[in-house]
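A closer look at the structure
If you want the building blocks of each chain, they are given just below.
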Amino acid sequence: MQLIDTHVHINFDVFQGDLSSFRKSWQEAGVVHLVHSCVEPSEFQGIQSLADQFPELSFAVGLHPLDADKWTEQTGQQIKSLASSDNRVVAIGETGLDFYKAKNYQQQQLALQTQLEVAQELDKPVIIHCRDAAQSLKEQIESFIGKGGNIRGVMHCWGGNPEETSWFLDLGFYISFSGTVTFKNAQEIKEAAKIVPNDRLLIETDCPFLAPVPKRGKKPNQPAYVVYVADCLADLRGVTSETIAQQTTSNACKLFKLNLN
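Note that the structure is predicted; figures quoted are calculated from it, not measured. The numbering scheme is per chain: residues are counted from 1 as the chain's sequence reads. Reporting in this predicted model follows two pLDDT cut-offs: at least 70 for local features of residues, and 80 or more for side-chain atom pairs to be given and counted; totals over whole chains, interfaces and linings ignore these cut-offs and use all residues. With hydrogens and water stripped out, all remaining heavy atoms of the structure feed into the side-chain values.

1. Examining the pairing of strand 1 (residues 3-8)
Only protein chains enter the calculation, and the probe is 1.4 Å; a residue is then buried if its accessible area is under 20% of its type maximum, exposed if over 50%, and partly exposed in between. By definition, any uninterrupted DSSP run of H or I lasting at least four residues is a helix, any uninterrupted run of E lasting at least two residues is a strand, and each is numbered from the N terminus. Burial within strand 1 is extensive, with six of its six residues counted as buried. Only strands joined by at least two bridges in the DSSP assignment are considered to pair. The pairing of strand 1 with strand 2 (residues 31-36) spans four bridges and is classified as parallel. For aspartate 5, the partnering residue across the bridge sits in strand 2 and is leucine 34. Of the crossover connections in this fold, the one passing from strand 1 over helix 1 (residues 19-28) to the parallel strand 2 is right-handed. We call a crossover right-handed when, viewed with both strands directed away from the observer, the connection leading from the first strand over the helix to the second proceeds clockwise.

2. Focus on the environment of valine 196
Here valine 196 shows up in the loop between helix 7 (187-195) and strand 8 (201-203). Residue class for valine 196 comes out buried when judged on its relative accessible area of 2%. C-alpha separation for the pair valine 196 and glutamate 56, spaced 140 residues apart in sequence, amounts to 27 Å. Contacts of valine 196, omitting those with residues within four sequence positions, involve Thr165, Leu169, Ile175, Phe177, Leu201 and Arg237. By definition in these notes, contact holds between two residues if any of their heavy atoms fall within 4.5 Å.

3. Concerning the packing of helix 5 (residues 134-146) against helix 6 (residues 162-170)
Think of each axis as a best-fit line through the C-alpha atoms, taken over the contacting stretch in the case of a helix, with angles from 0 to 180 degrees between the N-to-C directions. At their nearest, the axes of helix 5 and helix 6 sit 11 Å apart, and the two run at 15° to each other. Regarding the angle of helix 5 to helix 6, the classification is roughly parallel. As helix 5 packs across helix 6, the resulting crossing turns out to be left-handed. Contacts between helix 5 and helix 6 involve Ala134, Gln135, Leu137, Lys138 and Ile141 from the former and Glu164, Trp167 and Phe168 from the latter. Classes in brief: Ala, Val, Leu, Ile, Met, Phe, Trp, Tyr, Cys and Pro nonpolar; Asp, Glu, Lys and Arg charged; the others, Gly included, polar. Split into classes, the residues belonging to the contact of helix 5 with helix 6 amount to five nonpolar, one polar and two charged. Convention used here: angles under 35 degrees read as roughly parallel, angles over 145 as roughly antiparallel, angles from 65 to 115 as roughly perpendicular, and any remaining angle as oblique. Helix crossings get a hand from a simple test, with the near helix turned counterclockwise from the far one by less than a right angle marking a left-handed crossing and a clockwise turn marking a right-handed one.

4. Regarding helix 8 (residues 226-237)
Because the α-helix completes a turn every 3.6 residues, residues three or four places apart line up on one side. The end-to-end C-alpha separation of helix 8 is 17 Å, in line with the 16 Å expected for 12 residues at 1.5 Å each. Residues of helix 8 that are buried include every one of Val226, Val227, Val229, Ala230, Cys232, Leu233, Ala234 and Arg237, and no others. Among the residues trailing helix 8, glycine 238 stands out with phi positive, at a value near 70°. Here the expected length of a helix is defined as 1.5 Å per residue gap, with one fewer gap than residues.

5. A short note on unusual backbone geometry
In this structure, glutamate 94 follows glycine 93 across a cis peptide bond, with omega equal to 20°. With respect to the helices and strands, the residue glutamate 94 is situated in strand 4 (residues 89-98). Cis peptide bonds are those with omega within 30 degrees of zero, and the linkage from valine 213 to proline 214 qualifies with 15°. With respect to the helices, strands and loops of the structure, proline 214 is situated in the loop between strand 8 and helix 8.

Here is the structure:
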């Protein structure tokens, strides 16, 4: 069984000094590729170094909405330049909107708009973070597309309800589920996971956060644990874990233009 963890942060301090052990674990779990997200452009060089160390790692570059206060007139060009500098960059992000932890709405929307433009120009997907902002995010993406924009991407660590899920499916996005889908009280996320078409489904850990059941509470979350997300989705959708692995691996390869050979 081959799995792709489409959203990791293994550059965080909690992994340092023991990455070889974590790599052994993800290889034993069948994880054949990782997509490393980026919180801000200053992380880029460090993520590059990880990709030098682990050939199964692709990565993104972008500015997280909770770091939107760091956005300047030069940030968009910086992201574009970095994304063009390394063919292992497969996406722009993570970008998006987070109105749960921050209220700088205009700054977040500006950063997102520019990153959508960079993604379109470079023909790369966007990795979208969305928390308590689905309506605003939908409207901004609809406006972008309505003005002739052409964008594709993934709603990562998805926590929306079925109606919100349908919005982003209609806009052409993939939906990625993390360990949150395994949580007992995550009924809306579980219902959303049932309606995503087979060809639009992705899995991730978002490690080191949100360890799935049965590893919840054990830190750090790690790429090997993506198998538990796959198992949960298999149960919810009435298929085998192998089927989920095949579907999500194929989808990740298509969205991020990955070659596993």
